[in-house]
Structures are given as C-alpha cells and as structure tokens.
Amino acid sequence: MGFSPSFSCSAMGALILGCLLLQASNSNAQLRPDFYFRTCPSVFRIIGDTIVDELRTDPRIAASILRLHFHDCFVRGCDASILLDNSTSFRTEKDAAPNKNSVRGFNVIDRMKVAIERACPRTVSCADMLTIASQISVLLSGGPWWPVPLGRRDSVEAFFNLANTALPSPFSTLTQLKAAFADVGLNRASDLVALSGGHTFGRAQCQFVTPRLYNFNGTNRPDPSLNPTYLVELRQLCPQNGNGTVLVNFDPVTPNAFDRQYYTNLRNGKGLIQSDQVLFSTPGADTTTLVNQYSSNTFAFFGAFVDAMIRMGNLRPLTGTQGEIRQNCRVVNPRISVVENDDGVVSSI
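Only a predicted model underlies this, so the values are computations on that prediction, with no experimental measurement involved.

Colleague: Looking at this model, I keep getting lost on the state of the cysteines. Mind explaining?
Modeller: Disulfide: a covalent bond formed between the sulfur atoms of two cysteine residues. Evaluation of the coordinates by the stated rule reveals four disulfides. A sulfur-sulfur distance of 2.0 Å marks the disulfide that ties C73 to C78. Here C73 and C78 share a disulfide; its torsion about the S-S bond, 115 degrees, makes the bridge right-handed. Neither residue differs from the other here; C73 and C78 are each classed as buried. Put simply, C126 and C329 are joined by a disulfide, and their sulfur atoms are 2.1 Å apart. An S-S torsion of about -100 degrees defines the bridge between C126 and C329 as left-handed. Here the residue C126 occupies a position in helix α5 (residues 126–140), and C329 occupies one in the loop between α14 (298–313) and β3 (338–340), the gap between them amounting to 203 residues. The two residues C126 and C329 agree in class, both being buried.

In structure tokens, the structure reads:
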C-alpha cells in the first residue's frame, strides 16, 4: 500500500504509541529501542506526524528520508554528519558528488527537530531522529515495522572526502557494490540485496540513467541487460543530451509503495540504474538467488530488509559521552568556555 491522505494523524499517533510500547521490552548491549521511553515518549508521534503532513504534498519524501539515512550511515556510521552545513572547521557532506543536488529532505528534518526540542529539549539526537524517521517512512509506505535500537549521539564534524569515496555509485558493478558494503561492515549478500530494495520507491535523475540508454561502458550501445520495451520508455523520459535532472520512478509499477515489485522489475530487465540491475543480471552472482526469493516472497524481503537496516543502523554509533546531542541538526552546538579575568571575575564566552 502507499500513503493515503485519509490516513489520519490520530491513527498515526495510535500506531506509533503501540510501536513504542512494544519497543520497551527490547534492548541490546549498546543501543536499545526503549532509550527514550521515559525521557521523550512523544518522539515517535512527532516524527510520524511530520512525515504524514509532508506526504500530503510530497509523495517522494518517504523514500528521500530513507536515502538520507543510508547516505549518513555509510560515511563514518549513523551520526547525522550528513545533516551538517558548511562551517569554518569542515566542508559539508552535502557538497560531495553522491549527495550534491541529490539528497533532500533537510527542511523536513529541521521541522522535526524544532518540534522535538520544544517537547524534549537537548534529549533526542539528530542521528536517532533520522533513524526513526527512516523506519516510519518505510512503515507509512506499506513496508515493515521493526524495533529501532536507539541511543546514538551526533558527530561534531562532517566527512566530505569520505562521502566522495564511501558511497556506492549508481554505475557500480556488482564487485564494486560488494566492496563498498563490506568496507562499512555489511558483508552479507543479503545486506546488499535487501538494502537495495529501498529503491522500490522514490525517484532518480536522468543523469544517472542516461549512460545505460545510449553509451553503456563506452560501447555507444545500450546496456544489453535492459528490457527492450523498458529501454524505449526510458529513452522517451531521458532523451540523449536532455535535461539530466528530470526525475524517473525507480519502480514504474508501484512508484510510491514499499513492496517487492522492485525485485520483479530486476527479473524482467527493468532495473532503473546499473547498480540495481547487476544484482540479477551478473552471470553466476550469488545475489540472483536472493532477487528471485524476494520477488516471490514479501515476508522474506521484509525480514531481510529489517535485519539489514538494524545492522546498518548499528554501524559505528557514537554513544555515552561521545559526540553531542545537537540542538540544531545543521550546526554543531556552540562551545562555551569559562574564563576568569585578572580581577577574579568568571564569565562565559
């Protein structure tokens, strides 16, 4: 199912409250799902209501938030470093090639943070907020619910150079994809195939599709794995030398729903970008079996996706006294220094 305007905020609140109560019985060593059970019990409702409100005018936002979380976690762990703007100390990850003019949803994250700070000042990290938002985005789009381990803290710096090298490219081969995932600790084939299923909703720009349509790997021919009918459709949407920022649905069948259709598309040669189609079309690949399995079994896909999301969410978290709880997700908290002058007067700067 996709988002429906008839899905009321009150129903959303009841659903999130139920999820929160279920989460209270789960825990693990470092992060635990009930982390905010006493300190900010309204966090799920606030985030959920914000997403529901945005979905009324922007059906892309659920997929955009999930992608934002993915791009955050692949760069030094899930620490909200991707949300930081430029500063005198570092360059923002938003300017890195995989993110520039591509990742979106920052204004929605800002609205969440303002509401959460009003309800629970200096309590909920931007990293946890983004993690919760990605889970609720999937749920609202018809996907699974899972207990989100929480207790992350926020990075005090961004990693522009790492963002340029760590994030998988839409032009990646299967070998390159596996290496990128293994580099961050996601070394199971199911991690790669299930998380790629996040492309079951959302859009991509033509600039990431066009090379497959006209000059695949410098051959001046289309990618041979493309379904011929789909090739014609994509060329109409993304003409050669056309506007590279035009948006195309990842899934032409159910573009706003989180379902298993993505894998059926791969089996039919209708993966939108190269790094999707290689999961099925690479000869002898161990990922092909998983594509077949997930395309025919929603429970298998949802189970693998939940497992991979939890594993990704646990990548190098900052906890305890590491990092900080940002009050504004775009900037590091101001540093306060205590200074005593010659007269013994203490002041803060």
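That was the structure; now back to the text.
Colleague: Teacher, can you tell me more about the UniProt feature "site: Transition state stabilizer" (unreviewed entry) in the protein here?
Modeller: In this numbering, the UniProt entry assigns the feature "site: Transition state stabilizer" (unreviewed entry) to R67. On the basis of relative accessibility, which here comes to 30%, the residue R67 falls in the partly exposed class.

Colleague: Mind showing me how you'd approach the UniProt feature "binding site: substrate" (unreviewed entry) in the protein here?
Modeller: The UniProt record marks P168 with the feature "binding site: substrate" (unreviewed entry), using the residue numbering of this structure. With respect to the helices, strands and loops of the structure, P168 is situated in the loop between α6 (160–166) and α7 (174–183). P168 gets classed as partly exposed once you look at its relative accessible area, which sits at 21%. In this structure P168 touches F70, F74, L177, A180 and F181, once residues within four positions along its chain are discounted.

Colleague: What is the right way to look at empty space enclosed by the protein in this model?
Modeller: The rolling of a water-molecule-sized probe over the atoms marks out the regions of remaining empty space. With the rule as written, the count across this model stands at one cavity of 30 Å³ or more. For the largest cavity, the calculated volume is near 50 Å³. Lining the largest cavity are H69, T131, W146, V148, P149, R152, M309, I310 and G313. The element contributing the most residues to the lining of the largest cavity is α14, with three residues. Residue classes in the lining of the largest cavity are distributed as five nonpolar, three polar and one charged.

Colleague: Looking at this model, I keep getting lost on the layout of surface pockets. Mind explaining?
Modeller: Size it by volume and the largest pocket reaches roughly 830 Å³. Along the walls of the largest pocket sit 37 residues, with R67, H71, H199, F250 and I273 positioned nearest its centre. Contributing elements (two or more residues each) for the lining of the largest pocket: α3 (61–73), α7, α8 (189–196), β1 (203–205), α12 (274–281) and α14. Element by element, the count of residues in the lining of the largest pocket is highest for α3, at seven residues. Taken together, the residues of the lining of the largest pocket sort by class into 21 nonpolar, eleven polar and five charged. The volume enclosed by the second largest pocket comes to roughly 210 Å³. Around the second largest pocket, the lining comprises 14 residues; the ones closest to its centre are F74, R76, A166, D183 and V184. Per-element tally for the lining of the second largest pocket: the top contributor is α6, with three residues. Among the residues forming the lining of the second largest pocket, the class breakdown is eight nonpolar, three polar and three charged.

What counts, and where the lines are drawn
- Residues numbered from 1 in each chain as written.
- Predicted model: local features only at pLDDT ≥ 70, side-chain atom pairs only at ≥ 80, totals over all residues.
- Heavy atoms only, no water.
- Disulfide = S-S within 2.5 Å.
- Buried < 20%, exposed > 50% of the residue type's maximum accessible area, 1.4 Å probe, protein only.
- Helix = DSSP H or I, 4+ residues; strand = E, 2+ residues; numbered from the N terminus.
- UniProt positions renumbered as here; feature names shortened; annotations may be inferred.
- Contact = heavy atoms within 4.5 Å.
- 1 Å grid on protein atoms, 1.4 Å probe; cavity = no way out; pocket = protein on both sides within 12 Å on 5 of 7 lines; lining within 4 Å.
- Points joined across faces, edges and corners; volume = space filled by probe spheres on them.
- Nonpolar A, V, L, I, M, F, W, Y, C, P; charged D, E, K, R; others polar.

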